[in-house]
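Here is what each chain is made of, one letter per residue.
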Amino acid sequence: MLYAALKVLSFIFSHMPYGMLIAMGKGAGKIYYYVAKKQRLRAEETIKECLGYSDAEANTAIHELCKNLGMTFLEIFALPSLNRDNVGRYVKIQNREVLEWALAEKHGVVLVACHMDNWEWSGATLALNGYPLSAVEKPQPNQVYSDFMNELRRGAGQEIFSRGTTEILGCARAMKKGRMVGLIADQDGGETGIFVPFLGKMASTPQGPVYFARKFQAPIIPVFILRNAGGKGHVLSFGEPVVYRDTGNKVEDDYVATLAYSRQVEEMIKKYPNQWIWFQHRWNTPYQKG
């Protein structure tokens, strides 16, 4: 029943004029701002703590974030409407020479994304532009919804791996083929993560990016997608490549590489604070000084 409902919504939103989709998304986001009080208040407290915002500044930023999330949510359902011919109308790619250089090295590329704007359209845009992208899914609480999302991702040309052993083996095969492997860089890495300073606090960061960079001598490239003013369309760009320096000290080398790309993510969040999901549990794992 849920899968059928999701498919119907996807069909409706995929055939809706883009301007109408964005208008509806803004409206849905405004409603979400009031309905999701717990998430909103947590986001406001977090942005005040991390960026030193006043109550008014935090309220304004999170209100804008909620509108952005509403637009993003509807766009995700409309992902099947994207194709090779029209994707350029909705997402403009900047400085793609960074990616071209990395792929030319033929060691594979570790793309690190973050929860800014419509990260789902980021992967779809790259795949539809002919870039060989393999990505690791972020499991959803509901398995039916996870399966539905993976169906949308594969429909746009992405290769999707689940977490665990399948993730490691699948990504390794992709890297050997010189493909890009997409990983999320701004989520809690748990007890096995690498702690680096992030927005003023020590944060456990997934070790996947540096693991594959170290194993395959592949560059790590942050990828960002940002929504245009007014809500219609996006710009996708790449950060400064992080080349893993293997000095023989694995712990220190992993830390240096993780810190390097985390700082780029941090700077982008500071520049566009109303496009990052402030209510996610980024600092869930307690930091203990060793």
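Refer to the structure above for everything that follows.
Within each chain, residue numbers correspond to sequence positions counted from 1 in written order. Local features are withheld for residues below a pLDDT of 70 in this predicted model, meaning they are given only at 70 or higher, and side-chain atom pairs are given and counted only at 80 or more; totals for whole chains, interfaces and linings count all residues. In computing side-chain values, all of the structure's heavy atoms are included and hydrogens and water are not.

Novice: Requested: an account of the side chain of T205, with residues and values cited.
Specialist: Only runs of H or I of at least four residues qualify as helices and only runs of E of at least two qualify as strands under DSSP, and these elements are numbered from the N terminus. Inspection of the secondary structure assignment puts T205 in strand β7 (residues 201–205). Here T205 is in contact with A185, Q187, G189, G193, I194, V196, T258, Y261, S262 and R282, once residues within four sequence places are set aside. Here, two residues are considered to be in contact whenever any of their heavy atoms come within 4.5 Å of each other.

Novice: So what about the packing of helix α1 (residues 2–14) against helix α8 (residues 143–155)? Which residues, and what values?
Specialist: Note on geometry: axes are C-alpha line fits, over the in-contact stretch for helices, and angles between N-to-C directions span 0 to 180 degrees. One can describe the packing of α1 onto α8 by two numbers: an axis separation of 9 Å at closest approach and a directional angle of 35 degrees. Of the two possible hands of crossing, α1 and α8 adopt the one that is right-handed. Between α1 and α8, the contacting residues are L2, Y3, L6, K7 and S10 on the first element and V144, Y145, F148, E151 and L152 on the second. If you view the pair so one helix is near and one far, a crossing is left-handed when the near helix is turned anticlockwise from the far one by less than a right angle, and right-handed when it is turned clockwise.

Novice: Just give me the short version of the packing of aromatic side chains, but keep the residues and values in it.
Specialist: Two descriptors summarise a pair of aromatic rings, namely the distance from one centre to the other and the angle between the planes of the rings. Pairing of aromatic rings covers Phe, Tyr and Trp, the last through its six-membered ring, and needs centres within 6.5 Å; plane angles under 30 degrees mean stacked, over 60 mean edge-to-face, and all others mean tilted. Evaluation of the coordinates by the stated rule reveals 15 aromatic pairs. Taking 6.3 Å as the distance between ring centres and 35 degrees as the angle between the ring planes, the aromatic pair formed by Y145 and F148 counts as tilted. In this pair, Y145 and F148 both sit in helix α8, 3 residues apart, roughly one turn of the helix. Each member of the pair, Y145 together with F148, is buried. Residues F198 and W283 carry aromatic rings whose centres are separated by 6.2 Å and whose planes lie at 40 degrees to one another, so their mutual orientation is tilted. Of this pair, F198 sits in strand β6 (residues 194–198) while W283 sits in the segment after α11 (250–271), and the two are 85 residues apart along the sequence. Note on accessibility: F198 and W283 belong to one class, buried. Taken together, the aromatic side chains of F13, F73, F77, Y145 and F148 make up a single cluster linked through ring pairs. For a lysine, the NZ atom is tested; for an arginine, the CZ atom; a charge sits over a ring if that atom is within 6 Å of the ring centre and within 35 degrees of the ring normal. The ring of Y33 carries the charged tip of R40 above its face, separated from the ring centre by 4.5 Å. Partly exposed residues are those whose accessible area sits between 20% and 50% of the maximum for their type, while under 20% is buried and over 50% is exposed, using a 1.4 Å probe and protein chains only.

Novice: Can you break down the pattern of salt bridges residue by residue, with the values?
Specialist: Each reported salt bridge corresponds to a side-chain nitrogen of Lys or Arg within 4 Å of a carboxyl oxygen of Asp or Glu. All told, the structure shown has 12 salt bridges when counted by the stated rule. One salt bridge in this structure joins D55 and K48, with 2.8 Å as the shortest N-O distance. Among the residues examined, D55 registers a relative accessible area of 56% and is labelled exposed. Here D254 makes a salt bridge to K250, at a shortest N to O gap of 3.5 Å. On the criterion of helical spacing, the pair formed by D254 and K250 is a turn pair, its members being 4 residues apart in helix α11. Judged by relative accessible area, D254 falls into the buried class, the value being 5%. A relative accessible area of 43% means that K250 is categorised as partly exposed. One salt-bridge network, held together by shared partners, links E45, K48 and D55.

Limitation: the analysis is restricted to geometry and does not speak to function.
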